[in-house]
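# Survey of secondary and tertiary structure
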Amino acid sequence: QEEKIFAGKVLRLHVCTMEGAEWLEEVPEDTTVEKLKERCLKHCVPGSLEDPKTVTHHKLIHATSEKVLTDTKTVLEENIQDRDVLLLIKKRAPPPLPKMADVSAEEKRKQEQKAPDKDAILKATANLPSRSVDRTVAHHNMRDFQTELRKILLSLIEVAQKLLALNPEAVELFKRANAMLDEDEEDRVDEIALRQLTEMGFPESRAVKALRLNHMSVTQAMEWLIEHADDPAVDAPLPGQTPSEATDEAGASSAEATAGPSAEAGGEEAKDELTELFKKIRRKRKFHPDPRAVIALMEMGFDEKEVVDALKVNNNHQNAACEWLLGDRKPSPEDLYKGIDTNSPLFQAILENPVVQLGLTNPKTLLAFEDMLENPMNSTQWMNDPETGPVMLQISRIFQTLNRT
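Presented here is an overview of the structure given in this document. Computed from a predicted model, the values in this text were never measured in an experiment.

Our focus in this paragraph is the nonpolar core. I152, L156, L346, I350, F369, M372 and I395 are the most contacted members of the largest nonpolar core, which totals 25 residues. If you list the elements that add at least two residues to this core, you get helix 7 (145-165), helix 17 (345-352), helix 19 (363-374) and helix 21 (389-404). Broken down by element, the residue count for this core peaks at eight residues, all from helix 7. Here F369 is in contact with L153, L156, I157, L360, V391, M392 and I395, once residues within four sequence places are set aside. Listed in part, the 16 residues of the second largest apolar core include L11, V27, C40 and L60.

What follows covers the pairing of strand 2 (residues 22-28). Side chains W23, E25 and V27 project from strand 2 onto a buried face, and the interleaved E22, L24, E26 and P28 project onto a face without burial. Bridge count between strand 1 (residues 10-17) and strand 2: seven bridges; the pairing is antiparallel. Among the inter-strand pairings, V15 is bridged to a residue of strand 2, identified as W23. From the end of strand 1 to the start of strand 2, which pair antiparallel, there are four residues, and G20 there has a positive phi angle of about 105°.

This paragraph deals with the pairing of strand 5 (residues 85-90). Looking at chain direction, strand 1 and strand 5 are connected through four bridges and run parallel. Across the sheet, the residue bridging to V15 is L86, located in strand 5.

Strands pair in a sheet through their backbones, by hydrogen bonds, and they do so in one of two ways: parallel or antiparallel. What the five strands build is an open sheet, ordered 2-1-5-3-4; its pairing is mixed. Because the sheet does not close on itself, it has two edges, and the strands there are strand 2 and strand 4 (67-68). Packing against the sheet, helix 2 (residues 33-44) makes contact with strand 1, strand 2, strand 3 (58-62) and strand 5, and its axis sits at approximately 145° to strand 2.

To continue, consider the side chain of E25. Note on placement: E25 falls in strand 2. Side-chain polar atoms of E25 contact the side chain of R39, separated by 3.3 Å. Not counting chain neighbours up to four residues away, the residues in contact with E25 comprise L11, R12, L13, V15, L36, R39 and C40.

This part takes up the environment of P376. Take P376: it is sitting in the loop between helix 19 and helix 20 (379-383). Sequence separation of P376 and N316 is 60 residues, and the distance between their C-alpha atoms is 9.0 Å.

Secondary-structure assignment places D385 in the loop between helix 20 and helix 21. Leaving out residues up to four positions away in the same chain, D385 has contacts with K364 and P390.

Rules used throughout
- Residues numbered from 1 in each chain as written.
- Predicted model: local features only at pLDDT ≥ 70, side-chain atom pairs only at ≥ 80, totals over all residues.
- Heavy atoms only, no water.
- Core = buried A, V, L, I, M, F, W, Y, C linked by side-chain atoms within 4.5 Å.
- Buried < 20%, exposed > 50% of the residue type's maximum accessible area, 1.4 Å probe, protein only.
- Helix = DSSP H or I, 4+ residues; strand = E, 2+ residues; numbered from the N terminus.
- Contact = heavy atoms within 4.5 Å.
- Pairing = 2+ DSSP bridges.
- Axes fitted to C-alpha atoms, helices over the stretch in contact; angles between N-to-C directions.
- Polar contact = N/O pair within 3.5 Å; in protein donor to acceptor, adjacent residues only side chain to side chain.

Read these as spatial facts, not as claims about activity.
This is the structure in structure tokens:
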């Protein structure tokens, strides 16, 4: 009687094979998947368990979720319910390694498909008539859209701030926008990936650092943690991301939060609060250098500050940042905050566009400009946004049109 009272729940599971065999298997919920697999193999392939590899060469799949069940877990841990359908499948054998002759033939084929070099191109085009266009001059006259876009955004931000300051609901609008930024912090870590690493026994802070260094890849982060297990600097903060930054932001947030109620006292206070909100939003959109690129460039002997400057100038592109550090270092980080000439035909054409004019009255457009200014990699996100996308599309079209003239 006691065994019946304290025994685990018995589940009736439908098991199928690829050959068409089907039967009902009754197992307690505390049965491991490996034991269940052995019972299934005894049922459908008598005598198969004489070879110990037979069990490992098969796998059980939950038909509804298409999940491969883990041998060491129990039926209860795999969340299998009564009358669920399981599929018993033999694992595929790994493909055989290629023979040396095949590898050589593949390499030879790749060499034959390589693009022609400069000498081959010149030889093939030697008899073609020359054009009267000076390609060097044309190349230098072609302005870089990304460089010009940054200047355009700087100037448009000033215009947008002035327009939005005239809106009586501007403070409330930007408080909501600021809350949106709080919900979408760039430094947020994938919780599922973090839990997987901590369950393996890695400290949480170290796992967070590994995930950020490896773009939230659990496999690469685990390899990094194992490789740096004995590194004395493994728990040091990432370059360009010091703990003091978070403390400063938290202090600034509390200071600005306490200043909030005074905004209702009058127009001057509201204007001051709006200015503080602008500063807060810009501070949240502060440039974050790629930690891997920082470490790689610092290992070449460059100072951390100049490495961060190089990555900021070159939009976190490591190779371009390295060339900037080895070259004349133009443009300088200070040049990044110079706007476009407000009297230029390009800027005037942008301001006269009705879509741009309407977009500048939307707080989300200002947020998009701030974000693209400090994080150019997010431009695609704002181009696809239904509110900010049309504005960015018009700016791009106007630039391309005037650039051809």
